[in-house]
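Chains, contacts and geometry: an overview
Chain by chain, the residues run as shown.
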Amino acid sequence: MKSYRPFSNLSVLSKLLKRIVTQQLLDYLRAHKLLPDLQSAYRAHHSTETAVLKVLSDILSAADTGSLSMLTLLDLSAAFDTVDHLILLRRLHTSYGLGGIVLAWFTSYLANRTQYVHCCESTSIPLSVLFGVPQGSVLGPILFLLYTADLVRLV
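Residues numbered from 1 in each chain as written. Predicted model: local features only at pLDDT ≥ 70, side-chain atom pairs only at ≥ 80, totals over all residues. Heavy atoms only, no water.

Moving on, we get to the overall build of the protein. What the protein contains, in helices and strands, is 6 helices and 4 strands. Taken from N to C terminus, the helices and strands of the protein fall in the order α-α-α-α-β-β-β-β-α-α. Counting every position in the protein, which comprises 155 residues, the buried fraction comes to 25%. Counting only contacts in the protein whose residues sit at least 6 apart along the sequence, the fraction spanning at least 24 positions is 63%. Here the protein displays about 11400 Å² of accessible surface, and carbon together with sulfur accounts for 63% of that area. (Helix = DSSP H or I, 4+ residues; strand = E, 2+ residues; numbered from the N terminus. Buried < 20%, exposed > 50% of the residue type's maximum accessible area, 1.4 Å probe, protein only. Contact = heavy atoms within 4.5 Å. Areas by Shrake-Rupley, 256 points an atom, 1.4 Å probe, with all protein chains shown as cover.)

Okay, here's the thing in structure tokens:
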């Protein structure tokens, strides 16, 4: 049961708008070199393969110099559900320079969301969604990336 996650059931117009916003956001992040250096997703000529090759190269380089290597892996299977909206919006403003109408749009995008469970003929009461980025959205993974971008520096 805990792997069931809410998803957004959107109109074609909403999906198109999110794709346009996503492309504009990525263009802005690329133009201002705001994507994390080690980020593989959403970058040309980068993928999970390049990320694995980077890790392998770092381990082999450390072994060649006789240094100790340690690899820490995180299970992020439900991490999208833990994004605090207020922290994300603050990061979009302070770390990425988004403000004005752009920040207001993201605030509106995240605010006043509800979720409910529908099974057969029964439907639960709608509850407010206070955390997480919308599941199944092209924008969700990018917002999660921006939310967690400073982790690399902290580690």
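Quick look at the packing of aromatic side chains now. According to the stated counting rule, one finds 3 aromatic pairs in the structure shown. Taking 5.2 Å as the distance between ring centres and 85° as the angle between the ring planes, the aromatic pair formed by W105 and F106 counts as edge-to-face. Looking at F106, the relative accessible area reads 2%, which means it is buried. Taken together through their ring pairs, the aromatic side chains of W105, F106 and Y109 make up a single cluster. One Lys or Arg, R113, reaches over the ring of Y109 and ends 4.8 Å from the middle of that ring. (Phe/Tyr/Trp six-rings, centres within 6.5 Å; stacked < 30°, edge-to-face > 60°. Lys NZ or Arg CZ within 6 Å of the ring centre and 35° of its normal.)

Ranked by size, the top nonpolar core spans 25 residues in total, and within it L25, L88, L92, F106 and L143 carry the most contacts. Top contributing element to this core by residue count: helix α5 (residues 140–148), with 6 residues. Contact partners of L92, with chain neighbours within four places excluded, come to G97, L98, L103, F106, L143 and L146. (Core = buried A, V, L, I, M, F, W, Y, C linked by side-chain atoms within 4.5 Å.)

Within the sequence span of helix α4 (residues 100–110), burial applies to L103, F106, Y109 and L110. The arc that holds the buried residues of α4, viewed along the axis, is 115°, so those residues lie on one side. Opposite the packed face of α4, turned more than 90 degrees from it, sit the exposed residues G100, I101 and S108. Of the surrounding secondary structure, the elements contacted by the buried residues of α4 are α1 (12–31), α3 (85–94) and α5. Downstream of α4 by one or two residues, N112 has phi in the positive range, about 55°. (Arc of directions from axis to C-beta.)

For Y109, the location among the structural elements is in helix α4. As for Y109 and K54, which are separated by 55 residues in sequence, their C-alpha atoms are 35 Å apart. Those residues in contact with Y109 that lie beyond four places of it in its chain are K18, P134, S137, L139 and L143.

Of all 9 residues making up α5, 8 are buried, and the element is well covered by its neighbours. Those residues of α5 not exposed but buried are G140, I142, L143, F144, L145, L146, Y147 and T148.

Below, the discussion takes up unusual backbone geometry. A positive phi angle, near 50°, is found at K33, a position not held by glycine. Tracing the chain through its elements places K33 in the loop between α1 and α2 (48–64). Its identity is not glycine, yet N112 carries a phi of approximately 55°, on the positive side. Following the sequence through the fold, N112 ends up in the loop between α4 and β1 (114–115).

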